[in-house]
Structure formats: structure tokens, C-alpha cells
Amino acid sequence: MTTTSSAFATAKAEGRAALVGYLPAGFPDVDGSIEAIRTMVAAGCDVIEIGLPYSDPVMDGPTIQAAAQQALERGVRTRDVLRTVEAVAATGVPTLVMTYWNPVEKYGVDRFAADLKSAGGAGLITPDITPDYGQAWIAAADAHDLDKVFLVAPSSTDERIAMTTAACRGFVYATGVMGVTGGKQATTDVVGPLVTRTKALAPAGLPVGVGVGVSTGDQAAAIAAHSDGVIVGSAFVRAILENQGDKAAYLKALSTLTEELAAGVRRA
Amino acid sequence: MTTHLNETTSFDADAQGWFGGPVEGFGGKFMPEALMKALDELDAAWKGAKADPEFVAEFDAILRDYANLPSPLYEAKRLSEQAGIRILLKREDLNHTGAHKIRNVLGQALLTKRMGKTRVIAETGAGQHGVASATAAAYFGLDCTVYMGKVDTERQALNVARMRLLGAEVIAVDSGSATLKDAINEALRDWVSSVEHTAYLFGTAAGPHPFPTLVRDLTRGIGDEAREQCLQQYGRLPDAIAACIGGGSNAIGLFTAFLEDPSVRIYGFEAGGDGFETGRHAATIVAADQGVLHGARTYVLQDEDGQTIESHSISAGLDYPGVGPQHAWLAKAGRATYEPVTDVEAMDAMALLARTEGIIPAIESAHALAGAMRIAPTLREELGPDATLLVNLSGRGDKDMGTAMEWFKLGDPDDETGDVSK
Ligand SMILES: Cc1ncc(COP(=O)(O)O)c(C=O)c1O
């Protein structure tokens, strides 16, 4: 079975960074998102992040906000997210859920962990909790053998990076910009020093993925040179938004973008 | 009168920001890692500032000379007659910019200066905190951006104009429900990008640690003053105190000085909107559904999946689906009692105070008055006519005249429904 860490290890063995692709569940609709994500897997994503649409996404810019809002307006539920995980994980790709905290707490932390595990999910990426306030999640993840992906940022102190990476399993998510998704572009002058600091402070072997502010093959190549993984979200959402209503067109756009990014992470 | 910025109570947060501890309690700091350093720095800076006599003296001088504080404690005699007990009003409506909010923003802006930051951002619902922030920014010469839900900018055009006249940039937020909670989201998004030189002036005693404590410390002067004034003027403590609850700043500001006075009953009145049973309200504590919103574990209006539900109230300042974590804890610990007050009850109380005392209250404050009139008979029954109930009149009603005109049909002198004396 491919796990998050084995996917990163495989990429490393091939001398490249892993490509991590994000889409929210239920966008453009539940079945549509399943097909969209499977297309991304077929075209070269090594790891998948499925977003759980939330009413108050403070780390997301207008693109992902719009997708989440559409999904919620269509009535997507937490159980639909788990169904999406199941359908995507069935392809064999490591499948993480990226979620704000309140929906997990409301579902029941342990129950969420159990249901995610039985859907074949690999773990959670948690943008609005840090290990120092994430005890309940850490306990549930450990009990159910799930990945815990916390974030580090350019503003993180060394002390916080050490604390955060010690609690991670799977990889650590380094935010490439000080800002929200879909806004500023990640640049190597910010990413380089952050990844270097993170590598120095993290437990040996923990992969560092860089996300937020990466949308093209060229950027993926530049970031891949400094990291173990490149995470792309808003650009995939945009590919759907720009072709909404025309499934053949957005699946083609997703496929083309994935291939461009997959080539990028191999060019570094 | 000096503020007791650095005093503690047995209902305070621990060092991690938990009111009542991490298991049973509320608060904490559920925030993106990108902001954790800034929150830690703010916490440390505030601890240093409130222990620094120079900072405290400067804050007190600004409140006195600029914000018109301390506000009077006023015995509302004609209202008292109707209530059957003595009603005292803490007159925060007389403060500069017309509400208790000026205390919080002047304190946070002074702290911003001390921390060497040059720009402030704020969220606002009705526009009161936005106007107060713009005022403090002008006073201290800071750049200011205010985020306001698009729906609210349309409902509160006059306050948008005030903020702009004061030199602030106002950004209309179109995402989500385009109201206060979305304005907070957008301010947080700005802050993630700008945190190095920007301070977030949070408008109420909610949000991630240290904001609930910081805002409480800065507004606690309301109760510190009122307690001293009551002792001076009447030689005794009040039997009960009451305030309205939006996020909870004016209420915690009043309550703090009385938390360790077991004889003083404490009441918070939430916005009951169309009636609690209709589901269209902002009575977060009464609904008692625990969750995490805007950085704190607290009570949240939410659906089965933890998606935030829009709140409803005639009062824009109370129209928020969360509440400050210390109030959640005071409710759970049984130290304070929280009840809903409907739109109708609040508007009746607005007219009542106008007619009996010649004071037009903010609709927010009218919720506290309505609640006070509701509990007065019980206090009289138990304690007799000498019972004393102290109500926080958190703001004045000028900003609400548009709503009042519509509600009471005041615009047309020929329309008799507008004659509230009938
Ligand atoms: C006059 C007045 N009172 C009360 C409030 C509610 O806020 P809080 O609960 O933080 O005091 C507001 C908010 O705008 C207000 O303007």
C-alpha cells in the first residue's frame, strides 16, 4: 500500500519532488469532484488533499472560498467528504483531508478519525490548529494510525518549527508565502530559508512539502529544487471554475495542468 | 480613578488562554501557524505594558482627556419608578464616539505604538468598532483599514462615511454571508499577509488568546468605575448588574470588577431576534452548542456539520454567531446568567428609556435594559424596593435612528403608529 511517506520516498528515489494536488470535495458536485480528482491522479499527482468545505475558511483566498461556498450551497455534508475520500483512495493514491477544525470537532474527533481510516484516508492537514492546541487530534490520529500534517510558516520561530515538526507524520506543510491561498506567488527567497530551517529542526526523514502560492510548472520546478513536495490547490480550482458546466473541458484542463506540474517537479 | 489593568480574578484564563482549563473550559488559540508568533508577541507585549506604570498612566490620561472618562453612574429615577427598584445606568453612551468601544481601541492602539507597528486593521459589524478604530488611528497617526460586510456597509452607510472622513480605508467584504463574521475572516486574511507591521484591533472580547483577556483588561474600567461610584454614591454594592452580549466586551468590562462579590448577581442579555424558538436569533450562550470559531473554543451557532449558521438580530452590534470564551465559562461555571431578549422587547425598551429619561440608547444597550426590566420584579420581590440594579448603557442610539424610524414609523407625522406615547 502506498502511504504518504512512501509516496514522498518514491519521488525522492526518482530524484524529484512529489506533486500534491488539492481540490475541495463537492465541487463542482460530489461525483464531479471524484472524477476530477481521479483525473489528477491519472495525470501524475502523487498525493491528494481533499478539502472539507467550511463556512469560514480564514486561510483561503477568493478562489478556494468560491469553490467551498458553491459546495456548501449545494448541500455537501461531512459524510460526502468521506465518500469522496473513499472513492479517491480506492485508486491507491495516499489521500489526506485538508480541513478547518470545527467540522472535525463537531463530528466527534475520534469518530472522524475512525471513519476517515475506514474510508481509506491517510490523515489530516489542519490549517487552523497547531500541535499545542491539537492534543485531541494527535491522540485520535495516533490511535487510528493516521498522518498528522501541521503547518509551518515563514514567521514561525525555530522553537515552534521544532515543536510542530515533532508532532507531524507524513510530511510537514511549509507555507510558501505569508498570506492566503491563491494570492501572492511563492518565491525561492522565502521558501529556501524556511525549508532549510525546517529541515534542520525537524526529525530526520520528515519530508517538507511547500504549498500556497504555487500554480505553474515553472514555479513548481523552482520550488521543487528546494523541497520534497510541491502542493497546488487554487490553480486546480481555477481550472474548474474557468470551465464550469463543461465537464469534458475542465477534466482536460485539470489533466493538462497536472502534466505541466508533474513535468515541473521533475525538472528541478 | 485609575484602571485596574493588571488585576486578576479567579475566572481568568491560564497562560495558554483557557478559561476553565483545556478540557472543560473555553478559549485557547486555534489559529494558523503563520499568526502564532504575532499572538505570542502580543501576549508578551500586553503583559509588559499593563505592568508598566508609565503605560497605565498614559492610558488613563488619554481616557480622561480625550474619551471623556470616567463615565457617570446615573440613577434613572423615572425608570426606577416603573421598575419598582433602583436602576443605575453606567453612561458609556456619553463617551467619545458614543460607546464603550473607545476604551478598547485606544488601549490597543497605544499598545500598537509601543510595539512599533504602523498600521491597524479592524472588523466591524454596525460600524461602531470601525469608527472607534478609525478614531484611535487618527489620534495616534496610524494607517487604518476596516473590513465590513457588504450587507452592513449598505445598512450602515453613515458609519462608512464617518470612517472615511476619519481617514480610514473601508473594504466591503462580499464573501460568505457578507456580514460581521465574514469581515473577521477577511481581517484575519489581511493579517496573515501583513502581520509584521500591522496590528489587528479586535473589536470584542472574543477571538484567539490573548484577545479575550486583552479586550477584557481594557474594558474592565467600566466595572471598576461603576463599583467605586456605587460605593461612593450609595455606600453599598449593587444587588445585580446587567449588560448586553454581542461578542461580550461591554459585558465582561462591567462584570470583571464584580466577579468576586458573591452578593452581586450577574446577568448577560443576548439577542433573541425573532424569538429563541424561531431559530432566528444570536443567543449563542443560551443555545449552548460548543465549537471553535475565530480562534477560540466557545459556544457557536452551527449546524450538525459544524458549519457556522448566520445569526439574526435587529441590532447589528449583537448579530454575531459566536461569543467571547470567558462568557461561555462564566455561564458553565454558574457565575453569570444569560437570557435572550427579542427584537420587540429591545425596541420597546429603547422607546421606554427615551420617554422616561430623555436618553436614546443604542439598540444593543436596549437589550440590557429590556432584560433589566424583566428581572426587576423578582429582585423587588426578594429584596424589596431598595434593590439596586446596575445596567450598562453601552452606547447611544444616534446610529440606530434609521432602524428606529422604520420600526416605530417615526418619519411621517401623520402616521399615528409613530406616536410611541400611545
Ligand atoms: C453600543 C454597543 N453595545 C454593545 C455592543 C456589542 O458588543 P460587545 O458585546 O462586545 O460589547 C456593540 C457592538 O457594536 C455596541 O456598539
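The rules we used
Starting from 1, residues in each chain are numbered consecutively following that chain's sequence as written. Naming scheme: in the order in which they are written, chains are lettered from A and ligands are numbered from 1. Under the rules for a predicted model, residues below a pLDDT of 70 receive no local features and side-chain atom pairs below 80 are neither given nor counted, while totals for whole chains, interfaces and linings still include all residues. Only heavy atoms go into the side-chain values, all of them from the structure, while hydrogens and water stay out. In these notes, residues near a molecule or strand are those with any non-hydrogen atom within 4 Å of it. Throughout this description, a polar contact denotes any pair of N or O atoms lying within 3.5 Å of each other; where both atoms belong to protein, one of them has to be capable of donating a hydrogen while the other can accept it, and for residues adjacent in sequence the pair is counted only when both atoms sit in side chains. Per-residue and other accessible areas follow the Shrake-Rupley method at a 1.4 Å probe size, with only the shown protein chains counted as cover for residues. Secondary structure is summarised from DSSP: a helix means a run of H or I of at least four residues, a strand means a run of E of at least two, and numbering begins at the N terminus for each. Following the grouping adopted for this structure description, the nonpolar residues are Ala, Val, Leu, Ile, Met, Phe, Trp, Tyr, Cys and Pro, the charged ones are Asp, Glu, Lys and Arg, and the polar ones are all others, Gly among them. For every domain, the bounds stem from an assignment made automatically or drawn from a database. We call two strands paired when DSSP finds no fewer than two bridges between them. Only the stretch in contact is used when a helix axis is fitted, and all axes are lines through C-alpha atoms; the angle between N-to-C directions ranges over 0 to 180 degrees. Definition used in this section: a nonpolar core is a set of buried Ala, Val, Leu, Ile, Met, Phe, Trp, Tyr and Cys residues joined via side-chain atoms within 4.5 Å. Exposure classes here rest on a 1.4 Å probe applied to the protein chains alone. A residue is buried below 20% of its type maximum, exposed above 50%, and partly exposed in between. We call two residues contacting when some pair of their heavy atoms lies within 4.5 Å. Patch construction takes residues with relative accessible area above 30% that form no salt bridge. Like charges are linked within 9 Å, and nonpolar side chains (Val, Leu, Ile, Met, Phe, Trp, Tyr) are linked within 5 Å. For this analysis, a salt bridge means a side-chain nitrogen from Lys or Arg found within 4 Å of a carboxyl oxygen belonging to Asp or Glu. In this description, buried area is defined as the sum, over both parts, of the accessible area (probe of 1.4 Å) that is lost when the two are combined. Stacked, tilted and edge-to-face pairs are distinguished by plane angle, under 30 degrees for stacked and over 60 for edge-to-face with tilted covering the rest, among Phe, Tyr and Trp rings (Trp via its six-membered ring) whose centres lie within 6.5 Å. In this scheme, the term charge over a ring applies when either NZ of a lysine or CZ of an arginine sits within 6 Å of the ring centre and within 35 degrees of the ring normal.

### Details of the site of the ligand
Residues and elements named next belong to chain B. Around the ligand there are 18 residues in total, and Thr-204, Gly-246, Gly-248, Ser-249 and Ser-394 lie nearest to it. A distance of 3.1 Å is found between an oxygen atom of the ligand and a side-chain nitrogen or oxygen belonging to His-100. Contacts to the ligand include Lys-101, whose side-chain N or O atom sits 3.3 Å from an oxygen atom. In isolation the ligand has 390 Å² of accessible area, and contact with the protein removes 97% of it. Going through the elements one at a time, strand E9 (240–245) and helix H11 (249–255) are the ones with two or more residues in the shell around the ligand. Class assignment of the residues belonging to the shell around the ligand gives a composition of five nonpolar, eleven polar and two charged. Each of domain 1 (19–66 + 101–215) and domain 2 (73–98 + 219–418) accounts for three or more of the residues forming the shell around the ligand.

### Quick notes on the sheet that holds strand E5 (residues 119–124) of chain B
All names here are of chain B. Overall, parallel pairing links the four strands, which are arranged E7-E6-E5-E8 in an open sheet. Strand pairing shows two members of the sheet lacking a second neighbour, strand E7 (169–173) and strand E8 (198–200), which therefore form its edges. For this sheet, the mean inter-axis angle between neighbouring strands, taken without regard to orientation, is 25 degrees. Here six bridges tie E5 to strand E6 (residues 143–149), and the two strands are oriented parallel to one another. Residue pairing across strands places Arg-119 opposite Asp-143, the latter belonging to E6.

### A few points about the nonpolar core
By size, the foremost hydrophobic cluster in this structure holds 158 residues, and its most contacted members are Trp-137 of chain A together with Trp-191 of chain B. Ranked by residues supplied to this core, first place goes to helix H1 (residues 33–50) of chain B with nine residues. Looking at this core, you find at least three residues from each of domain 1 (19–66 + 101–215) and domain 2 (73–98 + 219–418) of chain B. Every residue in contact with Trp-137 of chain A, bar those within four places of it in the chain, is listed here: Trp-101, Val-109, Ala-113, Leu-124, Thr-126, Ile-129, Leu-146, Asp-147, Lys-148 and Phe-150 of chain A. Counting 39 residues, the second largest nonpolar core, distinct from the first, contains Leu-352, Ala-366, Ala-372 and Leu-389 of chain B.

### Details of a nonpolar patch on the surface
Taken together, Ile-360, Met-401, Met-405 and Leu-410 of chain B make up a surface patch of nonpolar side chains, about 310 Å² in accessible area. Relative to the elements of secondary structure, Met-405 of chain B occurs in helix H16 (residues 401–408).

### Comments concerning the interface of chain A and chain B
Each partner contributes to the interface: chain A provides 37 residues, whereas chain B provides 37 residues. For the chain A and chain B pair, buried surface summed over both sides reaches about 3,000 Å², with 48% attributable to carbon and sulfur atoms. The largest contributions to the chain A side of the interface with chain B come from Val-58, Lys-106 and Tyr-133 of chain A, which together make up 24% of the buried area. Linking chain A to chain B there are six salt bridges. Close ionic contact of Lys-106 of chain A with Asp-289 of chain B constitutes a salt bridge, the shortest N to O distance being 2.8 Å. Across the contact surface, chain A and chain B share 22 residue pairs in polar contact (both at pLDDT 80 or more). Elements with a contribution of two residues or more to the side of chain A that touches chain B: helix H3 (62–73), helix H5 (101–107), strand E6 (151–152) and helix H8 (158–167) of chain A. It is H5 of chain A that provides the largest number of residues to the side of chain A that touches chain B, a total of five residues. When the residues that make up the side of chain A that touches chain B are grouped by side-chain class, the tally is 17 nonpolar, eleven polar and nine charged.

### Digging into the environment of Asp-174 of chain B
As for its placement among the helices and strands, Asp-174 of chain B is situated in the loop between E7 and helix H8 (180–194). The sequence separation of Asp-174 of chain B and Lys-150 of chain B amounts to 24 residues, and the corresponding C-alpha distance is 5.5 Å.

### What about the domain arrangement of chain B?
Residues and elements named next belong to chain B. In terms of domain boundaries, chain B breaks down into domain 1 (19–66 + 101–215) and domain 2 (73–98 + 219–418). Here the C-alpha centroids of domain 1 and domain 2 sit 23 Å apart. With 37 residues of domain 1 at the interface, the matching set in domain 2 holds 36 residues. Summing both partners gives a buried area of about 3,100 Å² for domain 1 against domain 2, and 61% of it is carried by carbon and sulfur.

### Thoughts on the packing of aromatic side chains
Both the distance between ring centres and the angle between the ring planes are used here to describe each pair of aromatic rings. If you walk through the whole model with that rule in mind, you get 16 aromatic pairs over all chains. Centroid distance Tyr-200 of chain B to Phe-202 of chain B: 5.3 Å. Interplanar angle 70 degrees. Geometry classified as edge-to-face. Phe-202 of chain B matches Tyr-200 of chain B in its accessibility class, with the two residues each being buried. Taken together, Trp-191, Tyr-200, Phe-202 and Phe-211 of chain B form an aromatic cluster joined through their ring pairs. Cation over ring: Arg-111 of chain A sits above Tyr-107 of chain A, and NZ or CZ is 3.9 Å from the ring centre.

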